[in-house]
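Per-entry structural report
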Amino acid sequence: MSTRRTFIKQSALASTLVASGGISMSEIIAQPQIKKTVISTWHFGLIANEPAWEILSKNGSALDAVEAGVKITEADKKIQSVGYGGLPDRDGRVTLDACIMDEKGNCGSVVFLEHILHPVSVARAVMEKTPHVMLAGDGALQFALANGFKKQDLLTTETKEAWEKWCKEHQYSPMKIDRDNHDTIGMLALDASGNLSGACTTSGLAWKIHGRVGDSPIIGAGLFIDNEIGGATATGKGEAVMKMCGSFLIVELMRNGKTPTEACKIAVERIVKHQPDYKDFQVGFLALNKRGETGGYAITKGFQYAVHNGENVLIDAEHFVKD
Ligand code: ASP
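Residues numbered from 1 in each chain as written. Predicted model: local features only at pLDDT ≥ 70, side-chain atom pairs only at ≥ 80, totals over all residues. Heavy atoms only, no water.

Tracing the backbone through its elements, the reader meets His308 in strand β11 (residues 304-308). One polar contact links the side chain of His308 to the main-chain amide nitrogen of Gly310, over a distance of 3.2 Å. Every residue in contact with His308, bar those within four places of it in the chain, is listed here: Lys36, Thr37, Val38, Asn49, Glu50 and Trp53. (Helix = DSSP H or I, 4+ residues; strand = E, 2+ residues; numbered from the N terminus. Polar contact = N/O pair within 3.5 Å; in protein donor to acceptor, adjacent residues only side chain to side chain. Contact = heavy atoms within 4.5 Å.)

A word on the pattern of salt bridges. Oppositely charged side chains can form a pair if their charged atoms are brought close together. Applying the stated criterion to the full structure yields 16 salt bridges. Taken together, the salt bridges that share partners define one network made up of Asp64, Glu67, Arg124 and Glu128. (Salt bridge = Lys/Arg side-chain N within 4 Å of Asp/Glu carboxyl O.)

What surrounds the ligand is the set His182, Asp183, Thr184, Gly204, Arg212, Gly214, Asp215, Ser216, Thr235, Gly236 and Gly238. A distance of 2.6 Å separates a nitrogen atom of the ligand from a polar atom in the side chain of Asp215. Within the backbone of Gly236, an N or O atom sits 2.6 Å from a nitrogen atom of the ligand. In the complex, 100% of the free accessible area of the ligand, which totals 270 Å², lies under the protein chains. If you map the ligand onto the pockets, it falls in the largest cavity. Residues of the shell around the ligand, tallied by class, amount to no nonpolar, eight polar and three charged. (Near = heavy atom within 4 Å. Areas by Shrake-Rupley, 256 points an atom, 1.4 Å probe, with all protein chains shown as cover. 1 Å grid on protein atoms, 1.4 Å probe; cavity = no way out; pocket = protein on both sides within 12 Å on 5 of 7 lines; lining within 4 Å. Sits in = over half its atoms within 2 Å of the grid points. Nonpolar A, V, L, I, M, F, W, Y, C, P; charged D, E, K, R; others polar.)

Ordered by their spatial adjacency, eight strands build an open sheet running β4-β3-β2-β6-β5-β1-β11-β12, and the pairing between neighbours is mixed. The sheet is open, and its two edges are formed by β4 (134-136) and β12 (312-316), each paired on a single side. Each neighbouring strand pair of the sheet contributes to a mean axis angle of 10 degrees, computed without reference to strand direction. Two strands pair when backbone bridges link them, and strand β2 (residues 96-101) and strand β6 (residues 196-202) are joined in this way by five bridges, in the antiparallel orientation. Bridging from a neighbouring strand, Cys99 pairs with Cys200 of β6. Packing against the sheet, helix α3 (residues 45-57) makes contact with β1 (37-41), β5 (185-190), β11 and β12, and its axis sits at approximately 160 degrees to β1. Packing against the sheet, helix α6 (residues 137-146) makes contact with β3 (107-113) and β4, and its axis sits at approximately 105 degrees to β4. (Pairing = 2+ DSSP bridges. Axes fitted to C-alpha atoms, helices over the stretch in contact; angles between N-to-C directions.)

Sheet architecture is open: five strands sit in the order β7-β8-β9-β10-β13, paired in mixed fashion. The two strands at the open ends of the sheet, each matched to only one other strand, are β7 (223-226) and β13 (318-319). Pairing between strand β10 (residues 294-298) and β13: two bridges, direction parallel. Bridge pairing in β13 places Ala298 opposite His319. Each of β7, β8 (230-236) and β9 (283-289) is contacted by helix α9 (residues 246-255), which is oriented at about 145 degrees to β8, the strand it contacts most. Of the strands in this sheet, β9, β10 and β13 are in contact with helix α10 (residues 260-274), which crosses β10 at around 20 degrees.

Moving on, we come to the nonpolar core. Within the largest apolar cluster, 78 residues are counted, with the highest numbers of intra-cluster contacts made by Ile100, Val110, Ile250, Val283, Phe285 and Ile299. Formed by five residues, the second largest nonpolar core is a distinct cluster that contains Leu87, Trp166, Ala206 and Trp207. (Core = buried A, V, L, I, M, F, W, Y, C linked by side-chain atoms within 4.5 Å. Buried < 20%, exposed > 50% of the residue type's maximum accessible area, 1.4 Å probe, protein only.)

Looking now at the pairing of β7. Here β7 shows no split at all, with Leu223 and Ile225 on one side and Phe224 and Asp226 on the other all buried. Across four bridges, β7 lies against β8 in antiparallel orientation. Within the sheet, the bridge partner assigned to Asp226 lies in β8 and is Gly230. The turn joining β7 and β8, which pair antiparallel and follow one another in sequence, is formed by three residues.

Pasting the structure below:
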């Protein structure tokens, strides 16, 4: 948000530029300063924001920024809910969901993809090299291999042991979807040209039924970008987000004048209104508008997000359930 002090600073700079003959005052008024920004889910967003910011600060594209950012989380084996080292489904298989969307409204998505370290890059290849939006399972894997991605085992010693323990304790029964054992990196960015892009990638719910796909790779649910307005992304129980097209709803609310935080809050209230068991699970939303304003909101306490616009900070999101 522009404060009185930053406005005065900008005005002084503008006067100097005009006085030096470099630029006319009307050009300055017509070109408000773009606030390069990247925002992403959870504490691991702090690390993911760094390469994204590096690209934005060198006037690179928001699309390159979000891809580079979430790739860090995908490759980090300590993060057991995204990419390599993600907890497997109940059959012991790591299946990944990811999508990406650019400023032109182009998008690509992969669902139920196995053995590929960077599903977000496969999603980008779907967007850029095919007439399609979404590829699933074996077809997505075949496409990835044909496009130079390497096949690898994504199950680590730690996640294999966790799965074996789960098998002993749960007799193969699908878990109730609670607040644990899942998270996603969703990232939104605004670049120096004023363009927005977003990416979202996850291994989904731990111990899910083989074949389950969440909201994260679904355009409009886990991610949505409209370059005229802003972008939104989601984390938490994907089934809850898919039922109300969460990210699309948030962008439409911003189109109607809501701030990013207000829009995320209304989306959470929509879940609360229609899904009576809302206290049993978590959903967190993030939004970024065309002016570089950011916001987030969650059902319950504990959702954090990272914002980098020169300084990289972790923010505790406001939440609906107060107790
Ligand atoms: N939304 C993800 C899914 O349902 C999980 C999460 O973000 O916690 O697969």
